[in-house]
Amino acid sequence: MTHTTPERHAARRWGRFALHYLEMVVAMFAGMVALGLLWSALGIDPSYARDPEIAYLLMAFDMSAGMAVWMRVRGHAWAPTLEMCGAMFAPVVPLFPLLWLGLIDGMALMVAAHVAMFPLMLAAMLRRRDEYAH
């Protein structure tokens with residue numbers, strides 16, 4: 001009979017947590033690529049130079065869709081699923097006004113929002129640490 005030490009158990013849980021985080025990132029990019037191709041085929045192709053708000057919101061939707069599908073496949077309830085999706089949209093709350101004031105451009109908006117979304121995803125996961133580590 002094998003006994004797991006508390007340290008090994010904790011390490012395994014954090015390993016599962018980290019794996020789940022990576023799965024969310026992969027699902028996010030899969031949604032972005034798959035839906036991006038669909039929008040492009042339909043002639044919907046906003047640019048960060050021309051229409052940065054629409055470009056970002058559409059991309060956030062695409063990433064959210066990929067994550068939401070994967071989270072529901074993994075058996076997550078709607079509340080944590082929507083929290084993770086919120087992490088895709090939350091960064092633009094302070095960034096859109098900076099864009100409108102001319103303090104940043106569309107590309108800076110996209111980069112800053114992407115930099116912010118990863119720690120926001122991590123925060124959402126840490127909030128429900130047990131759910132993501134099992």
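Residues numbered from 1 in each chain as written. Predicted model: local features only at pLDDT ≥ 70, side-chain atom pairs only at ≥ 80, totals over all residues. Heavy atoms only, no water.

## Concerning helix H2 (residues 52-73)
Next up, step 1: Counted at 1.5 Å a residue, the expected span for H2 with its 22 residues is 32 Å, and the 32 Å between its end C-alpha atoms agrees.
Next up, step 2: Glycine 75 sits one or two residues past H2 and shows a positive phi near 90 degrees. (Helix = DSSP H or I, 4+ residues; strand = E, 2+ residues; numbered from the N terminus. Expected span 1.5 Å × (residues − 1).)

## Regarding the environment of histidine 20
Next up, step 1: Tracing the chain through its elements places histidine 20 in helix H1 (residues 6-41).
Next up, step 2: For histidine 20, a relative accessible area of 1% corresponds to the buried category.
Next up, step 3: Separated by 114 residues in sequence, histidine 20 and histidine 134 place their C-alpha atoms 9.6 Å apart.
Next up, step 4: Leaving out residues up to four positions away in the same chain, histidine 20 has contacts with Arg74, His76, Met125 and Tyr132. (Buried < 20%, exposed > 50% of the residue type's maximum accessible area, 1.4 Å probe, protein only. Contact = heavy atoms within 4.5 Å.)

## Some details on helix H4 (residues 92-100)
Next up, step 1: Listed in full, the buried residues belonging to H4 are Val92, Leu95, Phe96 and Leu99. Down the axis of H4, the buried side of the element spans an arc of 105 degrees, and every buried residue falls inside it.
Next up, step 2: The elements touched by buried residues of H4 are H2, helix H3 (78-89) and helix H5 (106-127).
Next up, step 3: Following H4 by one or two positions, glycine 102 adopts a phi angle in the positive range, close to 80 degrees. (Arc of directions from axis to C-beta.)

## Quick word on the packing of H1 against H5
Next up, step 1: The N-to-C vectors of H1 and H5 enclose an angle of 135 degrees; their axes lie 11 Å apart at closest approach. With respect to their mutual orientation, H1 and H5 come out oblique. The way H1 lies across H5 gives a crossing that is right-handed. Residues Trp14, Phe17, His20, Tyr21, Met24, Val25, Met28 and Phe29 of H1 form the contact with H5, whose participating residues are Met117, Phe118, Met121, Leu122, Met125 and Leu126.
Next up, step 2: Per-class residue counts for the contact of H1 with H5 are 13 nonpolar, one polar and no charged. (Axes fitted to C-alpha atoms, helices over the stretch in contact; angles between N-to-C directions. Parallel < 35°, antiparallel > 145°, perpendicular 65-115°, else oblique. Left-handed = near helix turned anticlockwise from the far one by under 90°. Nonpolar A, V, L, I, M, F, W, Y, C, P; charged D, E, K, R; others polar.)

## Some remarks on the packing of H2 against H5
Next up, step 1: Across the interface, H2 lies against H5 with an axial gap of 10 Å and an inter-helix angle of 25 degrees. When the axis of H2 is compared with that of H5, the two are roughly parallel. By crossing handedness, the relation of H2 to H5 is classed as right-handed. Across the interface between the two elements, Pro52, Tyr56, Met59, Met63 and Met67 from H2 touch Gly106, Leu109, Met110, Ala113, His114, Met117 and Met121 from H5.
Next up, step 2: When the residues that make up the contact of H2 with H5 are grouped by side-chain class, the tally is 10 nonpolar, two polar and no charged.

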